[in-house]
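What follows is the residue order along each chain.
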Amino acid sequence: MRMNFAKSFLNATVYVATFLSFSAIAIAASAQSTEITFHKDIEPILQRSCQNCHRDGGAGPMPLVSYEQVAPYAGLIEYKTGLRDKAGAMPPWYMEKDVGIQEYKDDPSLSEEEISAISTWARSGTPQGNISDSPEPLVFDDSLKWGAGEPDLIVKTEPVTKLSGTPDWWGEIPSVPTGLTEDRYVKSVEVVEVNDVDNQVGTGRETVGGRYIFHHMIWATAQMNESGERVPGLSIPWPVHEVGRNADIFDEDAGRLLKANSWIVSDSVHLHSNGRDTTGHLEIGFRFHDEDYEPKYQSAFIGLGNGVDISIAGNQSNQELHAYTVLEQHTKIITFEPHLHAPGERMCLEAIWGYTVETLSCVGYDHNWVRGYPYAENSAPLLPKGTILHIVGYMNNSETNPNVPDPRNWQGSGNRSVTNMFIDLGIRVTMTDDQFHEAMEERRQALDLGPNDHVIGCPLCGAPLVAPISEEEVDNNNEVANND
Ligand code: HEC
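Calculation notes
Residues numbered from 1 in each chain as written. Predicted model: local features only at pLDDT ≥ 70, side-chain atom pairs only at ≥ 80, totals over all residues. Heavy atoms only, no water. Donors = N, O, S within 2.8 Å, 3.2 Å for Na, K, Ca; no water. Tetrahedral: all angles 85-135°; square planar, octahedral: opposite > 155°, others 65-115°. Helix = DSSP H or I, 4+ residues; strand = E, 2+ residues; numbered from the N terminus. Axes fitted to C-alpha atoms, helices over the stretch in contact; angles between N-to-C directions. Parallel < 35°, antiparallel > 145°, perpendicular 65-115°, else oblique. Left-handed = near helix turned anticlockwise from the far one by under 90°. Contact = heavy atoms within 4.5 Å. Nonpolar A, V, L, I, M, F, W, Y, C, P; charged D, E, K, R; others polar. Near = heavy atom within 4 Å. Polar contact = N/O pair within 3.5 Å; in protein donor to acceptor, adjacent residues only side chain to side chain. Buried < 20%, exposed > 50% of the residue type's maximum accessible area, 1.4 Å probe, protein only. Pairing = 2+ DSSP bridges. Patch = residues over 30% accessible without salt bridge, like charges linked within 9 Å, V, L, I, M, F, W, Y side chains within 5 Å. Areas by Shrake-Rupley, 256 points an atom, 1.4 Å probe, with all protein chains shown as cover. Salt bridge = Lys/Arg side-chain N within 4 Å of Asp/Glu carboxyl O. Lys, Arg positive; Asp, Glu negative; His and termini not counted. Charge placed at Lys NZ, Arg CZ, Asp CG, Glu CD. Arc of directions from axis to C-beta. Phe/Tyr/Trp six-rings, centres within 6.5 Å; stacked < 30°, edge-to-face > 60°.

In this structure, His54 (NE2) and Met90 (SD) serve as the protein donors to the iron atom of the ligand, at separations of 2.0 to 2.3 Å. For the iron atom of the ligand, the six donor atoms in the first shell make angles of 85 to 179° at the metal, so the coordination geometry reads as octahedral. Here the residue His54 occupies a position in the loop between helix 2 (38–49) and helix 3 (67–70), and Met90 occupies one in the loop between helix 4 (74–82) and helix 5 (112–123), the gap between them amounting to 36 residues.

Structure (structure tokens):
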């Protein structure tokens, strides 16, 4: 008995051991095929979200194209992509993914799966994998600098030179003609700085890697008379250009008019030294609608922010600022564009309608990268008149914020980056009653909404689906009930 028991115990052990070694082989084999490699998993992410900047001649400080270029940066790439929506994150897009509307135009952000693939790849010895798994390489040409696509018209400002170490400069730059000979409606506008900085060499300044000399340009288009003077009263303002800015995409139904023979005018340019002698100019790229296009909606100028009584204590993080506005017309929100200054760390946009308080978007903020967030067509908030828009700014005036030069200082309002602004510069359009109902009906159809569905940012979208039934229907129902 004893012998037998021992024997069968032995047999069982052999059996278990054999089973284990078989499964170890099986696991190893499946690890082989699911291993995260550069060519199969990482390269497609870099192509989609990084290489427009990280390539030869791009805005990024180093190319991230070939395996040899990327692998040494794996740890830094893991860190930067893992910051997700916080200042310093790559790609520079700070939308928070656990609250509010999630669909945006030209969103380069990485999914959780992609962020974790990068991390696994960086921590498992950066395997290169099989070159045959590579996606087609991108073709790099100068047009890649245009995030919203190649413009139909590019207007260049005159070159300016900013010498290394010279103080900041504010002022007017010479006006330049657009050369446009007919009125055209604009789909999107994008401003790009082109200069002679060697992107692959680091500089002393931190603003977007010390690559640029234009901090911002507030600009408009205007008509000129024969003697080259601005015709008063006819200038049309365009979204402000700021360092690190992306394209402005207008609503499909609210193209902006660029008039024939107009000039680009600006009396508010801010230049700063990037640490080396630099000559550069701005290129303004317009994309046009077809010639017979007519806009449906009116652009709205709705102030939302606080410019005068900001008070931010020294050495304190997480300080809130609040501002409100009441919408006087039905409004579609096209973009959300938080504008804060150095201590700005985060901003949320909320819509308050009746008893409903809803967060539309929350984004991190990095004053080196001023981004606008264009809502995707079927996600743009449709807000009835009377809605209160509320922005909340979160200020970090402590030494954990590298953008603040000396956090011991109290900070108040003002135009300079060491003083503060707190504004949503986003684009909005107003709608008539009919247009508003029509837009909500389109939304219901596009999203196939039923009575129990809820969409963020459209408090009345579901209203007709749960409206009280008509008297006739009540009578019919009663009849059915009586017959039972
Ligand atoms: C819009 C242009 C742009 C895009 C898109 C972009 N980057 Fe960058 N990246 C920059 C610039 C400019 C810098 C330097 C300034 C800074 O850090 O803000 C930078 C810095 C970095 C750094 C830090 C380099 C250093 O030496 O400190 C890493 C790493 C990086 N990017 C990786 C990525 C990855 C990975 C992606 C895509 C997931 C990406 N970037 C997308 C422009 C971009």
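It is worth spelling out the packing of helix 2 against helix 5 at this point. In contact at an axis separation of 10 Å, helix 2 and helix 5 are set at 130° when each is read in the N-to-C sense. Taken together, the axes of helix 2 and helix 5 are oblique relative to one another. Judged by the sense of rotation from one axis to the other, the crossing of helix 2 with helix 5 is left-handed. Contacts from Phe38, Ile42, Ile45 and Arg48 of helix 2 reach helix 5 at Glu114, Ala117, Ile118 and Trp121. Residues that form the contact of helix 2 with helix 5 fall into these classes: six nonpolar, no polar and two charged.

For the ligand, the set of nearby residues contains 19 residues, the closest of which are Cys50, Cys53, His54, Met90 and Trp369. The contact in question runs from a nitrogen atom of the ligand to an N or O atom on the side chain of His54, over 2.8 Å. With respect to the ligand, the side chain of Trp369 contributes an N or O atom lying 2.9 Å from an oxygen atom. When residues of the shell around the ligand are assigned to their parent elements, the largest contribution, three residues, is made by helix 4.

Take the pairing of strand 1 (residues 153–156) next. Put simply, side chains in a regular strand alternate between the two faces of the sheet. Side-chain alternation along strand 1 places Leu153 and Val155 on a buried face and Ile154 and Lys156 on a face that remains uncovered. Here four bridges tie strand 1 to strand 11 (residues 278–288), and the two strands are oriented antiparallel to one another. Within strand 11, the residue paired with Leu153 across the bridge is Phe286.

On to the environment of Val191. When you line up the elements, Val191 lands in strand 4 (residues 184–195). Through-space distance from the C-alpha of Val191 to that of Pro239 is 9.7 Å; in sequence the pair is 48 residues apart. Residues in contact with Val191, not counting those within four places in the same chain, are Trp219, His241, Leu282, Glu283 and Ile284.

Assignment of secondary structure puts Val392 in strand 22 (residues 388–397). C-alpha separation for the pair Val392 and Leu321, spaced 71 residues apart in sequence, amounts to 5.6 Å. Dropping the residues within four chain positions of it, Val392 is found in contact with Glu320, Leu321, His322, Arg346, Met347, Cys348 and Phe422.

This part covers a negative patch on the surface. Taken together, Asp433, Asp434, Glu438 and Glu442 make up a surface patch of like negative charges. Within the secondary structure, Asp433 is located in helix 6 (residues 433–446). Take Asp433: its relative accessible area is 43%, and that puts it in the partly exposed class.

Moving on, we get to helix 4. Among the residues of helix 4, those classed as buried are Ala74, Ile77, Glu78 and Thr81. Mapping the buried residues of helix 4 onto a view down its axis gives an arc of 105°, with all of them on the same face. Looking at the residues trailing helix 4, positive phi occurs at Arg84, about 55°.

Looking now at the sheet that holds strand 14 (residues 316–326). Read across the open sheet, the four strands follow the order 14-22-18-19; overall the sheet is antiparallel. Looking at the sheet topology across the chains shown, the edges are occupied by strand 14 and strand 19 (356–364). Averaged over all neighbouring strand pairs, the angle between strand axes comes to 20°, with direction disregarded. Summarising the sheet, strand 14 and strand 22 pair through nine bridges and their orientation is antiparallel. Within strand 22, the position partnered with Leu321 by the bridge is Gly393.

This part is about the pattern of salt bridges. Counted by the stated rule, this structure contains 20 salt bridges. Among the salt bridges present, the one from Glu114 reaches Arg48, with a minimum N-O distance of 2.7 Å. In this pair, Glu114 is assigned in helix 5 and Arg48 in helix 2, connecting sequence segments 66 residues apart. In this structure Glu114 comes out as buried when scored by relative accessible area, which is 17%. Taking the relative accessible area as the measure of exposure, Arg48 reaches 45% and is therefore partly exposed.

This part takes up the packing of aromatic side chains. Tallying each qualifying case throughout the model produces ten aromatic pairs. Arranged with centres 6.0 Å apart and planes meeting at 35°, the rings of Phe38 and Trp121 form a pair that is tilted. Of this pair, Phe38 sits in helix 2 while Trp121 sits in helix 5; the two residues are 83 residues apart in sequence, bridging distant segments of the chain. A single burial state applies to Phe38 and to Trp121, both of which are buried. Measuring from ring centre to ring centre gives 6.2 Å for Trp219 and Phe286, while their planes differ by 65°; the resulting arrangement is edge-to-face.

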